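The primary structure of each chain is shown beneath.
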Amino acid sequence: MDTTTDGDCVVRAIRADEWEAVKRLRLVALRDPVARIAFLETYEDAVDRPDSFYRERAERSAAEPSGARQFVAEAADGVWVGSLTVLVEEAGSTDWAGVPVERRQGHVVGVFVRPEHRGTGLIDALFDAGVDWAWEQGAERVRLLVHEGNPRAQGAYRRAGFVPSGVVVKFDKDETESEMEFVLERPSRVAP
């Protein structure tokens, strides 16, 4: 489902054949001034990956059923101006940090909006699409990790309804730093 934002951007899931655009936007994101604390991957690592990596990533995201879905905000001129990805984590598994997953949940990663589109509400449209998809997959909650030193991102996540859970993990790139888990619980269903 495509959603048009107030800024004339369309928010939608990526298609399998859009791997080159996935790669381009990822490299732009990894050049952002806060990329060191916002992403685990470095620009150097991303640029060295073979095209097959991005091709396979796009194909997995577009597949049905899928354990991950990447959403993009596409401007009227076709330029991708923002993105986020939701991974489904299954109850009984362990996450990337080795922490047990207690219930089916969505895990938001790779959040990025180009600087000239920040503050426009675009992040809200991306979160709406990603969270709705997580609910459709049966997630009981959606979570994300945010660096302790990234107040801009923390503010955006709070505006989207996420709240700190109290879980803190060591930052993968520097164990003297931490990331906080923010969560959004699935709303209770109201009977008609």
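Located above this text is the structure these notes cover.
## A short note on helix H4 (residues 51–62)
Inference 1: Over its 12 residues, H4 runs 17 Å from end to end, which matches the ideal 16 Å to within 8%, given 1.5 Å per residue.
Inference 2: Here H4 has its buried residues at Tyr54, Ala58 and Ser61. One side of H4 carries all its buried residues, which in axial view fall inside an arc of 65 degrees.
Inference 3: Contacts from the buried residues of H4 go to helix H1 (19–29), helix H3 (43–48) and strand E3 (68–74).

## Notes on the pattern of salt bridges
Inference 1: Considering all chains together, one arrives at 15 salt bridges under this definition.
Inference 2: Two residues, Asp32 and Arg118, come together in a salt bridge whose shortest N-O distance is 2.7 Å. Taken as a pair, Asp32 in the loop between H1 and helix H2 (35–38) and Arg118 in the loop between strand E5 (105–113) and helix H5 (122–136) lie far apart in primary sequence, 86 residues in all.
Inference 3: Note that Arg143 is salt-bridged to Glu89, the shortest N-O span being 3.0 Å. With Arg143 in strand E6 (residues 141–147) and Glu89 in strand E4 (residues 80–89), this pair connects stretches of sequence that are 54 residues apart.
Inference 4: Take Arg143: its relative accessible area is 5%, and that puts it in the buried class.
Inference 5: Several salt bridges converge on common partners, so that one network encompasses Glu89, Asp95, Arg141, Arg143 and Glu181.

## Let's talk about H5
Inference 1: For H5, with 15 residues, the first-to-last C-alpha span of 21 Å sits near the 21 Å given by 1.5 Å per residue.
Inference 2: Burial runs high along H5: 11 of the 15 residues are buried.
Inference 3: Looking at H5, one finds that the buried residues are Leu122, Ile123, Ala125, Leu126, Phe127, Ala129, Gly130, Val131, Trp133, Ala134 and Trp135.
Inference 4: A positive phi of about 85 degrees marks Gly138, the residue just after H5.

## Some remarks on the packing of aromatic side chains
Inference 1: Here the structure, examined in full by the defined rule, presents three aromatic pairs.
Inference 2: Geometrically, the ring pair formed by Phe127 and Tyr157 is edge-to-face, given 5.6 Å between the ring centres and 75 degrees between the ring planes. With a gap of 30 residues between them, Phe127 in helix H5 and Tyr157 in helix H6 (residues 151–159) connect regions that are remote in the sequence.
Inference 3: Taken together, the ring pairs in this structure connect Phe127, Tyr157 and Phe162 into an aromatic cluster.
Inference 4: The lysine or arginine in question, Arg31, covers the ring of Tyr43, its NZ or CZ lying 3.9 Å from the ring centre.

Each value, and the rule that gives it
Residues numbered from 1 in each chain as written. Predicted model: local features only at pLDDT ≥ 70, side-chain atom pairs only at ≥ 80, totals over all residues. Heavy atoms only, no water. Helix = DSSP H or I, 4+ residues; strand = E, 2+ residues; numbered from the N terminus. Expected span 1.5 Å × (residues − 1). Buried < 20%, exposed > 50% of the residue type's maximum accessible area, 1.4 Å probe, protein only. Arc of directions from axis to C-beta. Contact = heavy atoms within 4.5 Å. Salt bridge = Lys/Arg side-chain N within 4 Å of Asp/Glu carboxyl O. Phe/Tyr/Trp six-rings, centres within 6.5 Å; stacked < 30°, edge-to-face > 60°. Lys NZ or Arg CZ within 6 Å of the ring centre and 35° of its normal.

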